[in-house]
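Coordinate analysis (summary)
Here are the chains, one letter per residue:
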Amino acid sequence: MQPIHLRNVPPPAETFDHTAFFSSIFSWLRPENYLELGIRSGTNFTVLSHFCKKSIGVDIDPPKFNLNENMEYHATTTDDYFLKLDKNTKFDAVFIDADHSHEQSLKDFLNVKDMVIEDGFIFLHDTYPYDPIMFHADVCNDVYKTALYIKQNFSKDFECLTLPFNPGVTIIKKMSINKQLIYINK
């Protein structure tokens, strides 16, 4: 029997509609402050902004879409964005999908992890490439290593779950202090 994650998958294609998935989550979460790193066409960012009080997008290219009144856009690198960002800024939800390398996606996570509110979410894209062609730098590259690194090194502060649907989304939830105390006292 074929594994669940490979059923009905015509390689090499993105079979998981992360925008629809996030829409269902965001319709429930209603983030006050959402950050998306890596915008591309703006489809995901534009759809999710409807559920958020404020949406901030960061991409090296200028936006190719019209901004709504609750949207803020920074045409810069994620590194430069974080250098200029007030360190007291807090985000309810963050989507990391800029540079598809382990090094940069990990750096983006490390830059934002302390800015996520208690019980807030960070989502990583491209964390479950199912076919060798998906490891190409223009597709998923090696972001899956970042998800594994976070699971191995930040399990006391963050809960992680990788959805095994091509190309993969990892849900990272910042634990509340009460849950951390329970975990530490075990």
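This section reports on the structure supplied with the text. (Residues numbered from 1 in each chain as written. Predicted model: local features only at pLDDT ≥ 70, side-chain atom pairs only at ≥ 80, totals over all residues. Heavy atoms only, no water.)

**So, the overall build of the chain**
Our working definition: Working definition: helices are DSSP H or I runs of at least four residues, strands are E runs of at least two. Numbering for both runs from the N terminus. Think of it in three bands: residues with accessible area under 20% of the maximum for their type are buried, residues over 50% are exposed, and the middle band is partly exposed, with areas taken using a 1.4 Å probe on protein chains only. Between two residues, a contact is recorded if the distance between any of their heavy atoms is within 4.5 Å.
Across its full length, the chain carries 6 helices and 7 strands. The burial tally for the chain puts 49% of its 186 residues in the buried class. Long-range contacts, defined here as pairs at least 24 residues apart, represent 58% of the contacts in the chain between residues at least 6 apart.

**Here we look at the sheet that holds strand E1 (residues 33-37)**
To keep it simple, the criterion reads: DSSP bridges decide pairing: two strands pair if at least two such bridges lie between them. Think of each axis as a best-fit line through the C-alpha atoms, taken over the contacting stretch in the case of a helix, with angles from 0 to 180 degrees between the N-to-C directions.
Within the open sheet, the 7 strands sit side by side as E3-E2-E1-E4-E5-E7-E6. Their pairing is mixed. Bordering the open sheet on either side are strand E3 (71-75) and strand E6 (158-163), each of which pairs with just one other strand. The mean angle between the axes of side-by-side strands here comes to 15°, regardless of whether they run parallel or antiparallel. Strand direction decides the pairing type here: strand E5 (residues 116-125) and strand E7 (residues 169-174), joined by 5 bridges, are antiparallel. For Ile122, the partnering residue across the bridge sits in E7 and is Ile172. Taken strand by strand, helix H1 (residues 18-29) contacts E1, strand E4 (91-96), E5, E6 and E7, and its axis lies near 170° from that of E5. On top of the sheet, helix H4 (residues 102-112) reaches E1, E4, E5, E6 and E7; it is set at about 170° to E4, its chief contact.

**Points about the pairing of E6**
The pairing of E6 with E7 spans 6 bridges and is classified as antiparallel. Following the sheet pairing, Thr162 is matched in E7 by Thr170. Following E6, the chain reverses through 5 residues before pairing antiparallel with E7; Gly168 in that reversal takes a positive phi of roughly 100°.

**Some remarks on the nonpolar core**
Put simply, the rule is: As used here, the term nonpolar core means buried Ala, Val, Leu, Ile, Met, Phe, Trp, Tyr and Cys residues forming a set that is joined through side-chain atoms within 4.5 Å.
In terms of nonpolar packing, the biggest core is built from 22 residues, with Leu35, Phe91, Phe109, Val112 and Ile122 touching the most fellow members. Those elements giving two or more residues to this core turn out to be E1, strand E2 (54-59), helix H3 (78-84), E4, H4, E5 and helix H5 (144-153). Residues in contact with Leu35, not counting those within four places in the same chain, are Ile56, Val58, Tyr81, Phe82, Phe91, Ala93, Val94, Phe95 and Val112. Within the second largest apolar cluster, 20 residues are counted, among which are Ile25, Leu48, Met71 and Leu163.

**Considerations on the layout of surface pockets**
Our working definition: Think of a 1 Å grid over the protein atoms and nothing else: a 1.4 Å probe that fits but is trapped marks a cavity, an open set flanked by protein within 12 Å on at least five of seven lines marks a pocket, and residues with an atom within 4 Å of a point count as lining. Grid points are joined across faces, edges and corners, and a volume is the space filled by probe spheres set on the points. As a working rule, the residues Ala, Val, Leu, Ile, Met, Phe, Trp, Tyr, Cys and Pro are called nonpolar, Asp, Glu, Lys and Arg charged, and the rest polar, with Gly in that last group.
In this structure, the largest pocket spans a volume of roughly 350 Å³. Around the largest pocket sit 17 residues that line it, and Gly38, Asp59, Ile60, Ala98 and Asp99 are the ones nearest its centre. Listing elements by their share of the lining of the largest pocket, those giving two or more residues are E2 and H3. When grouped by side-chain class, the residues that make up the lining of the largest pocket number 4 nonpolar, 6 polar and 7 charged.

**A look at the environment of Asp142**
Its location among the elements puts Asp142 in the loop between E5 and H5. We classify Asp142 as buried; its relative accessible area is 13%.

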